[in-house]
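Descriptive analysis of the structure
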Amino acid sequence: MASGIGYKGTNRCFPFWEDFQQCYFSSQEKTRADCVPARDDYLECLHHFKEIARVRAIQTVERNNYAKSKANGTDHKIISLAGDDGSG
């Protein structure tokens, strides 16, 4: 990560990078294990791994509830965060 400033201003993850960098260079441990939470926050900001996993888990539960409601004859709607029909 260079300066964190791009064409449209500061990168959205730059504050997380600064926190991680500050922790990394001030760490007294050789393994930098105390910086793992700061690193994880930075990587989550970049890639959204935890967010994507949570959305997929919610969608799985919703699909299971929908399938059960169809089998029971009750009416259960699938909630879609994307505004589509809930199939994706």
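Below you will find a few notes about this structure.

Attention now goes to the overall build of the protein. In terms of helices and strands, the protein carries three helices and two strands. When the helices and strands of the protein are read in sequence order from the N terminus, they spell out β-β-α-α-α. When the 88 residues of the protein are sorted by exposure, 17% land in the buried category. Relative to all contacts within the protein whose residues are 6 or more apart in sequence, the contacts with residues 24 or more apart total 31%. Counting every atom, the protein has about 7,100 Å² of accessible surface; 55% of that belongs to carbon and sulfur.

This part is about the pattern of salt bridges. All chains considered together, the criterion is met by one salt bridge. For the salt bridge of Asp40 with Arg39, the shortest nitrogen-to-oxygen distance reads 3.3 Å. Residue Asp40 is classed as partly exposed on the basis of its relative accessible area, which comes to 28%.

It is worth spelling out the environment of Ser26 at this point. With respect to the helices, strands and loops of the structure, Ser26 is situated in helix α1 (residues 14–26). From its side chain, Ser26 meets the backbone oxygen of Gln22 in a polar contact 2.8 Å long.

Evaluated as defined, the whole model comprises two disulfides. The disulfide partner of Cys13 is Cys45, and the S-S distance across this bridge is 2.0 Å. Measuring the twist about the S-S bond at about -90°, one finds the Cys13-Cys45 disulfide to be left-handed. One end of the pair, Cys13, is in the loop between β2 (9–10) and α1; the other, Cys45, is in helix α2 (residues 36–47), and 32 residues separate them in sequence. With a sulfur-sulfur separation of 2.1 Å, Cys23 is cross-linked through a disulfide to Cys35. Across the disulfide from Cys23 to Cys35, rotation about the S-S bond amounts to roughly -95°, and the bridge is consequently left-handed. Taken as a pair, Cys23 in helix α1 and Cys35 in the loop between α1 and α2 lie far apart in primary sequence, twelve residues in all. Of the residues examined, Cys35 reaches a relative accessible area of 2% and is grouped as buried.

Calculation criteria
- Every chain's residues receive numbers from 1 upward, in the order its sequence appears when written.
- In keeping with the model being predicted, local features are shown solely for residues with a pLDDT of at least 70 and side-chain atom pairs are shown and tallied solely at 80 or more, while totals for entire chains, interfaces and linings include all residues.
- Only hydrogens and water are set aside; all other atoms, that is, all heavy atoms of the structure, feed into the side-chain values.
- Only DSSP runs of H or I with at least four residues qualify as helices, and only runs of E with at least two residues qualify as strands; both kinds are numbered from the N terminus onward.
- Exposure categories follow from relative accessible area, calculated using a 1.4 Å probe and restricted to protein chains: below 20% of the type maximum is buried, above 50% is exposed, and the middle band is partly exposed.
- Should any heavy atoms of two residues lie within 4.5 Å, those residues are counted as being in contact.
- Per-residue and other accessible areas follow the Shrake-Rupley method at a 1.4 Å probe size, with only the shown protein chains counted as cover for residues.
- In the sections that follow, a salt bridge refers to a side-chain nitrogen of Lys or Arg positioned within 4 Å of a carboxyl oxygen of Asp or Glu.
- Within 3.5 Å is the distance limit for a polar contact, defined as a pair of N or O atoms, with the added protein rule that one can donate a hydrogen and the other accept it, and that residues adjacent in sequence qualify only through two side-chain atoms.
- Any two cysteine sulfur atoms lying within 2.5 Å of each other are counted as a disulfide.

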